[in-house]
Amino acid sequence: MLEDVSRSGRGHRVVSPVAVAAVPVGIGLVGNLATGTVEMKAWWWAPATWVVTGLLVAVTVIVQIRQSRAEADRDESESGRGAAQITNLPARNPYFTGRTALLDQIHHRLRSSDRNGDTVVPLGGMGGVGKTQLALEYAHRHADEYTVVWWVNAETAALATTDLLALAERLGIRATAAPAAVLAELWTVLADHEDRLLIFDNVEDTALWGGLRPRSGGRLLITGRITALRRLAPVIEVCEMPRAESRGLLRSRAPALAPDDLERVLDALGDLPLALEQAGCFLAETGLDVDGFLDLLASHPAGAGLDDPTLDRHPGLAGMVAAGRARLRALDASTGELLDQISFLAPEQLPVAAGSDQRGVRLGNTATTLRKLALLTALGLARNDGQRLLAHRLVQALLRSALSEAERATALAGAQRLLATAPLGETRDMAAWPARALFTPHIQALSTHLTSTDTASFIEDEQFRRLVIDHLDYLNTSGQHDPVALALAGQTRRRWTAALGRDHPDVLDAAHALTTALYWTDQLEAAFTCGQDTLERRRRVLGEDHPSTIRTANNLAFCLMRLGRHGQARDLCLAMAGHRRTLGDDHPAVLGTAFALAAANNRLGDYAEARDLDLDVLERRRRLYGEDHPDTLRSARNLAHDLFHLGAFEQALRLQRDTLRRQRRVLGDDHPDARQSANDLDITRRSLAGEG
């Protein structure tokens, strides 16, 4: 053989340099043997032979290197840049059909502007037209054009924050600070990723969304139903599918339909993607003939009295959902009950525990859980994205409207038990906050439905009550002093008072949370009234030295101080300070009393006493909680305030600088504590400069 042939990774024939070197050797050998003019040994060492051989080998190596580079270039060209390096995209919908013109329009809008500028593309339209699926398909098709492609559930600020914190973690940002601080660092890091695509799905409030978007650069794709999206950028309207695309979608879900039958189904349902997906799933799952399907569809009310433009234009959707629910209950009654339960939760992803991931709600063992998820998705009544269950808001509304009073009560009770199965960790554990944030919209939605129901007819589940109380504590501890926390606390207190009585311990816990929420939203008179009533009841029910009683007294003391009643605040703290003998100096409630007493002394001008108390509390909190705990930093800020009033400006300045630096890192620039510390530092600087 004159050729040593092997195979490259792409299946090409490759000539070995060894084979090339053998060519002149072989030719020379044959020639010499034939003529007998030169001895073999002499020929072998001839310099000319080695020169020729070396040149042939060199040329062969160069050719192969160029060939390998060309093949690598072809591979890169064929595969593009590869998938986005950082992404959390939900699974691609294998049944996505058509929408080519809309996809092209989105792509043109996103790629046409200056690379360093903001590019915002909103997708608008009524419910069920497929805005989310359109955004998801675009993101999957063009993921290789970006280094970051991130999906953000943006119906609420809590959900959006959770998804953005997950992005921060993927980018190497430590989640050991308050959300606002982590997001501030995230925007800085994202500035180095100009080729990024963020998708904000289901924006319901542009005011909330505006505070949760990158400061500049990158590309933003938004979906939502609200007309306010037009204020952000020209909206791409997503409407019902053209009939040709509707045929393709229904055919993909129910391939056995005859052409005439397919048209009859389309005529009955219209061209709404949500309805077509459910119809296709239902027909494929049940095997029902089209005559029977249309009779079933006609037997259900058109819209169950719901006021929604989607239902006005597509009344067949109501019958489709009712038929799917009936079929599900016939297949598995417990999964049918689960469907009713999730109709009272938020139309957002609900984490489900399965296999090794136990952070969600529990539906049973792994086999039972997977069977329930499969049944729900097979009938098109919900989606399952990586053990996160999601039902469309219109489907939920139609399910709720079809329930009798008894069925509604059963579903509400079941929804409480369902949420209470999720292990969410300690409320003050910052590592557990992202998981808790996913449950905020579900707890709020269920609370709203419970509030609109006759609560006197049943007592809410005890474990669910504990879940709500813990969640209110989490909202306060994590600095989420917003209308969500206030609404949840107010609804909960009213509901539980009606069902359990004003002195029940859970009602008093809810009242304590309401006092805190009112205080942080500057409703001081209401906070004082609520706190005073709660303190009197806790003293009577739990006793003077119970930790819950002491915590409520501490809250009330700060309300009094904000109202200018500093002497009353100090008297209240002094009355509670004696209980440290029972609980110990390091108990959180006792430290809270000492902290409040120091603040009252400062406001009354007793700065030396305030300094001594604040220094003691600061040292204890540093030892118990660490340097960066929010409570520790509050003590440091107050101690610096004492030092300032005692004339120790340099000491105050050093402590204020360190405290503000830590607060900005842990809590964020916009947290009330950080803003107050920044104001204190500015006053101290001006005093040292002789301006004060």
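Residues numbered from 1 in each chain as written. Predicted model: local features only at pLDDT ≥ 70, side-chain atom pairs only at ≥ 80, totals over all residues. Heavy atoms only, no water.

**Looking at the overall build of the protein**
Item 1. In terms of helices and strands, the protein carries 31 helices and eleven strands.
Item 2. Per-residue burial over the protein gives 49% buried out of 692 residues.
Item 3. For the protein, the proportion of contacts with a sequence separation of at least 24, taken over those separated by at least 6, is 68%.
Item 4. In the form shown here, the protein has an accessible surface area of approximately 31,500 Å², with 53% of it arising from carbon and sulfur atoms. (Helix = DSSP H or I, 4+ residues; strand = E, 2+ residues; numbered from the N terminus. Buried < 20%, exposed > 50% of the residue type's maximum accessible area, 1.4 Å probe, protein only. Contact = heavy atoms within 4.5 Å. Areas by Shrake-Rupley, 256 points an atom, 1.4 Å probe, with all protein chains shown as cover.)

**Examining unusual backbone geometry**
Phi is mostly negative for residues that are not glycine, and the peptide bonds are mostly trans.
Item 1. Unlike most non-glycine residues, Arg 99 shows phi in positive territory, near 65°.
Item 2. Its place among the elements puts Arg 99 in the loop between strand 3 (86–87) and helix 4 (100–111).
Item 3. Using a relative accessible area of 7% as the deciding quantity, one classes Arg 99 as buried.
Item 4. The phi dihedral of Asp 522 falls on the positive side, at around 65°, and the residue is not glycine.
Item 5. With respect to the helices and strands, Asp 522 occurs in the loop between helix 22 (505–520) and helix 23 (524–541).
Item 6. Given the relative accessible area of 54%, Asp 522 is considered exposed.

**Quick look at the packing of helix 9 (residues 243–253) against helix 11 (residues 273–286)**
In a packed pair of helices, the relevant descriptors are the angle between the two axes and the axis-to-axis distance.
Item 1. Interaxial distance between helix 9 and helix 11 falls to 8 Å at its minimum, and their mutual angle equals 30°. With respect to helix 11, the element helix 9 is oriented roughly parallel. The interaxial crossing formed by helix 9 with helix 11 has right-handed handedness. Along its contact with helix 9, which presents Ser 246, Leu 249, Leu 250 and Arg 253, the element helix 11 presents Pro 273, Leu 276, Glu 277, Gly 280, Cys 281 and Ala 284.
Item 2. Of the residues belonging to the contact of helix 9 with helix 11, the class tally is six nonpolar, two polar and two charged. (Axes fitted to C-alpha atoms, helices over the stretch in contact; angles between N-to-C directions. Parallel < 35°, antiparallel > 145°, perpendicular 65-115°, else oblique. Left-handed = near helix turned anticlockwise from the far one by under 90°. Nonpolar A, V, L, I, M, F, W, Y, C, P; charged D, E, K, R; others polar.)

**Quick word on the pairing of strand 6 (residues 196–201)**
Regular strands place their side chains on alternate faces of the sheet.
Item 1. Extensive coverage of strand 6 is indicated by the burial of six of its six residues.
Item 2. Neither face of strand 6 is exposed, since Arg 196, Leu 198 and Phe 200 on one face and Leu 197, Ile 199 and Asp 201 on the opposite face are all buried.
Item 3. For strand 5 (residues 148–153) and strand 6, the ladder comprises six bridges, and the chain directions are parallel. Paired with Asn 153 across the strands is Asp 201, a residue of strand 6.
Item 4. Examined bridge by bridge, strand 6 and strand 7 (residues 219–224) share four bridges and lie parallel to one another. Directly across from Leu 198, in strand 7, lies its bridge partner Leu 220. (Pairing = 2+ DSSP bridges.)

**Notes on the sheet that holds strand 3**
Item 1. Taken in spatial order, the six strands of this open sheet run 3-5-6-7-4-8, and their pairing is parallel. Every interior strand has two partners, whereas the edge strands, strand 3 and strand 8 (236–237), have only one.
Item 2. Both strand 3 and strand 5 contribute to a ladder of two bridges, which runs parallel. Among the inter-strand pairings, Thr 87 is bridged to a residue of strand 5, identified as Val 149.
Item 3. Sitting on the sheet, helix 4 is in contact with strand 4 (119–124), strand 6, strand 7 and strand 8, with an inclination near 155° to strand 4.

**Let's talk about the pattern of salt bridges**
Item 1. Scanning all chains against the criterion turns up 41 salt bridges.
Item 2. A salt bridge links Arg 493 to Asp 533; its shortest N-O distance comes to 3.7 Å. Residue Arg 493 is located in helix 21 (residues 483–500), and its partner Asp 533 is located in helix 23; the two are separated by 40 residues in the primary sequence.
Item 3. We note a salt bridge from Arg 620 to Asp 586, for which the minimum N-O separation is 2.8 Å. In this pair, Arg 620 sits in helix 28 (residues 607–625) while Asp 586 sits in the loop between helix 26 (580–583) and helix 27 (588–603), placing the two residues 34 residues apart along the sequence.
Item 4. One continuous salt-bridge network, built from bridges that share partners, spans Arg 465, Arg 466, Asp 470, Asp 506, Asp 509 and Arg 538. (Salt bridge = Lys/Arg side-chain N within 4 Å of Asp/Glu carboxyl O.)

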